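Below, each chain spelled out in residue letters.
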Amino acid sequence: MDALTIHEAAETSGWSPRMLRYVERVGLVEPARSASGYRLYGPAELQRLRTLRELLAEYDIGLSDLAFASRLRRDPDLRQATEGWLEAKAERPDDVPAGDWMRWEQEKHQRLLAAAALTATT
């Protein structure tokens, strides 16, 4: 099989070896592996890397945007949760008077931030 090592693929494609590892980790390009575990980039992977760069430039998006889109396709629970959040409308809790809603939301955020800070220090 004609294939390039990660360093050769980096030189050819313009992506750094570090970025090639990231692109693989997020599932955008999956190079084959040699018997000893080295990444092997063939013509299909080089084409994917070229068209990936073109896609990112054409739509002015980052790798993390595309990685998230890829995750949405693979993870139906994440897709459903994301769609639910996008479709949801903000609603005031029934037990919170309209005039107190802003204060109630601020206090809720402060409690959540305090709990997260406490968790981070333990």
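Draft legend 1. A look at the pattern of salt bridges. Overall, the coordinates contain 5 salt bridges when judged by the stated rule. Ionic pairing is found between Arg39 and Glu24, a salt bridge with its closest N-O pair at 2.4 Å. Within this pair, whereas Arg39 is found in strand S2 (residues 39-40), its partner Glu24 is found in helix H2 (residues 17-25), the two being separated by 15 residues in sequence. The partly exposed category is assigned to Arg39, whose relative accessible area is 21%. In this structure Glu24 comes out as buried when scored by relative accessible area, which is 18%. Glu54 serves as the salt-bridge partner of Arg50, at 3.3 Å between the closest nitrogen and oxygen. Of this pair, Arg50 and Glu54 both sit in helix H3 (residues 43-59), 4 residues apart, roughly one helical turn. Here Arg50 falls in the partly exposed class, since its relative accessible area comes to 43%. On the basis of relative accessible area, Glu54 is assigned to the partly exposed category, the value being 42%.

Procedures and definitions
- Residues numbered from 1 in each chain as written.
- Predicted model: local features only at pLDDT ≥ 70, side-chain atom pairs only at ≥ 80, totals over all residues.
- Heavy atoms only, no water.
- Salt bridge = Lys/Arg side-chain N within 4 Å of Asp/Glu carboxyl O.
- Helix = DSSP H or I, 4+ residues; strand = E, 2+ residues; numbered from the N terminus.
- Buried < 20%, exposed > 50% of the residue type's maximum accessible area, 1.4 Å probe, protein only.

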